[in-house]
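Fold and contact review
One-letter residues, chain by chain:
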Amino acid sequence: MKNIKFIIFGIVFGTILVKSEAVSWFRIQEMFRFQSFHMYGIIGSAVFVGAISILIIKKFKINTLSGEQIKFSNKPLYKVSNITGGVLFGLGWALVGSCPGPLYALFGAGHTVIIIPIISAIIGVLVYGLLKEKLPH
Amino acid sequence: MNFITEPWPWYVSGPLIGLFVPLLLIIGNKQLGISSSLKHICAACLPVQKIPFFNYDWKKNTWNLFLVLGITLGAFITNYIVDLNYEILISDATKVDLSEMGITNFIGFIPAEIYSWNTTLPNLILMVLGGFLIGFGTRYANGCTSGHAIMGLSLLNVGSLVAVVGFFIGGLIMTHLLFPLIF
């Protein structure tokens, strides 16, 4: 039952994603062509609010609602895989016009054809899992 | 403005997205991240337990699957209440560029000329390839726009910054170098 709250968060998050048009292929094209501030404004202000929130949580040692200490885990720096994987994802991001969150949102919003890139994304993860030990990181 | 029928400007939606960073931390002690849901789906639904990458207890990460289920539902409900098949008001310059690629239908979130069920085989291959790059790339980079760009940059994490630079290099290569060859 404790997972109900994550469904509710997801519903709100999915609503924001579609109402902001961040799920739009056209908006992503506008961004990569530097023809509008919209997507930069969304990502920039989201990071700003996120960073300030983390500063406040750290400074005032804010705990979770259930009194646990909030643990931060920084993702490790892997120079080769961060940049190479990043570029590969970026190619897909521009081609499909959405990153993983918007994929789910587009499908939910009635663009059922997006199940195709969702399934091939899952296959992409599977192939990565098979090749992981052989890839440079 | 009407918040139900009209799209939300960046200065409303961006900060709201950013608030999910403290919300998930304070209520669930979780760090925002969406692409790992694809890995959990693999581990949960496919016979992959012999592969070390998938040999972990995905049940400990069910919150992430519930989050993406919610995202799907949220978009579904919003589309039910307000029809989301409207024309997105993108900049005129983008419209001109896209028209030159043969994209003239700006109704809905995705270009119907490329991404629809009755599309051509080459476009179908593009959809499959694009999805594959999203899945493979996010795992290789260890995160996506939410985990690296929003959560990682909020933590001032160097690896996330490297990954985000990669995301943009990839997006720019696709848009400016490959799209003219494809479309």
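Our subject is the structure that appears above.
Because the structure is predicted, anything quoted here is derived from the model rather than measured. (Residues numbered from 1 in each chain as written. Chains lettered and ligands numbered in written order. Predicted model: local features only at pLDDT ≥ 70, side-chain atom pairs only at ≥ 80, totals over all residues.)

Overview of the overall build of chain A
Applicable threshold: Only DSSP runs of H or I with at least four residues qualify as helices, and only runs of E with at least two residues qualify as strands; both kinds are numbered from the N terminus onward. Partly exposed residues are those falling between the two cut-offs: more than 12 but fewer than 20 other C-beta atoms within 10 Å of their own, whereas 20 or more means buried and 12 or fewer means exposed, with C-beta atoms placed from the backbone. Our contact criterion uses C-beta atoms placed from the backbone: two residues qualify when those atoms are within 7 Å.
Helix and strand content of chain A: six helices and zero strands. Its helices and strands taken in sequence order, chain A reads α-α-α-α-α-α from the N to the C terminus. Overall size of chain A, expressed as C-alpha extent along the three principal axes, is 45 × 40 × 35 Å. Put simply, chain A has 137 residues, and 54% of those count as buried. A separation of at least 24 residues holds for 45% of the contacts in chain A among residues at least 6 apart in sequence.

Considering the nonpolar core
The cut-off we apply is this: As used throughout, a nonpolar core is a set of buried Ala, Val, Leu, Ile, Met, Phe, Trp, Tyr and Cys residues joined through C-beta atoms within 7 Å of each other.
In terms of nonpolar packing, the biggest core is built from 87 residues, with A:Leu17, A:Ala105 and B:Ile150 touching the most fellow members. With nine residues, the top contributor of residues to this core is helix H4 (residues 79-96) of chain A. For A:Leu17, the residues in contact, after removing those within four places along its chain, are A:Ala22, A:Val23, A:Gly101, A:Pro102, A:Ala105, B:Ile71 and B:Ala75.

Let's talk about the interface of chain B and chain A
Stated formally: Gly is put with the polar residues, along with every residue not named as nonpolar or charged; the nonpolar set is Ala, Val, Leu, Ile, Met, Phe, Trp, Tyr, Cys and Pro, and the charged set is Asp, Glu, Lys and Arg.
Chain B puts 110 residues into the contact, and the matching count from chain A is 105 residues. Listed by contribution, the elements that provide at least two residues to the side of chain B that touches chain A are helix H1 (10-28), helix H2 (36-45), helix H3 (62-81), helix H4 (92-100), helix H5 (121-141), helix H6 (145-154) and helix H7 (158-182) of chain B. Class assignment of the residues belonging to the side of chain B that touches chain A gives a composition of 73 nonpolar, 34 polar and three charged.

Quick word on H2(B)
Counted residue by residue, H2(B) has eight buried out of 10 residues, so it is predominantly covered. Those residues of H2(B) not exposed but buried are B:Ser36, B:Ser37, B:Leu38, B:Lys39, B:His40, B:Ile41, B:Cys42 and B:Ala43. Its buried side turned inward, H2(B) meets helix H5 (100-108) and helix H6 (115-131) of chain A together with H3 and H5 of chain B.

Some remarks on the packing of helix H1 (residues 4-19) of chain A against H5(A)
All names here are of chain A. Basically, it comes down to this: Only the stretch in contact is used when a helix axis is fitted, and all axes are lines through C-alpha atoms; the angle between N-to-C directions ranges over 0 to 180 degrees. Should an angle lie under 35 degrees it is considered roughly parallel, over 145 roughly antiparallel, and from 65 to 115 roughly perpendicular; all remaining angles are considered oblique.
At a minimum axis distance of 10 Å, the contact between H1 and H5 shows a crossing angle of 85°. Taken as axis vectors, H1 and H5 run roughly perpendicular relative to one another. Touching Gly 14, Leu 17 and Val 18 of H1 are Gly 101, Pro 102, Ala 105 and Gly 108, all from H5.

Examining the packing of helix H2 (residues 25-32) of chain A against helix H3 (residues 38-59) of chain A
Residue and element names in this part refer to chain A. The interhelical angle for the contact between H2 and H3, taken along N-to-C directions, is 90°, at an axis separation of 8 Å. Considering their axes alone, H2 and H3 lie roughly perpendicular with respect to each other. Together, Arg 27, Ile 28, Glu 30 and Met 31 of H2 and His 38, Met 39 and Tyr 40 of H3 make up the contact between the two elements. When grouped by side-chain class, the residues that make up the contact of H2 with H3 number four nonpolar, one polar and two charged.

Some details on H5(A)
Residues and elements named next belong to chain A. In terms of burial, H5 is a largely internal element, eight of the nine residues being buried. Every buried residue of H5 is listed here: Pro 100, Gly 101, Pro 102, Leu 103, Tyr 104, Ala 105, Leu 106 and Gly 108. After H5 finishes, the residue Gly 110 shows a positive phi value of roughly 105°.

Some words on unusual backbone geometry
One non-glycine residue with positive phi stands out, namely B:Asn29, at about 55°. Take B:Asn29: it is sitting in the loop between H1 and H2.

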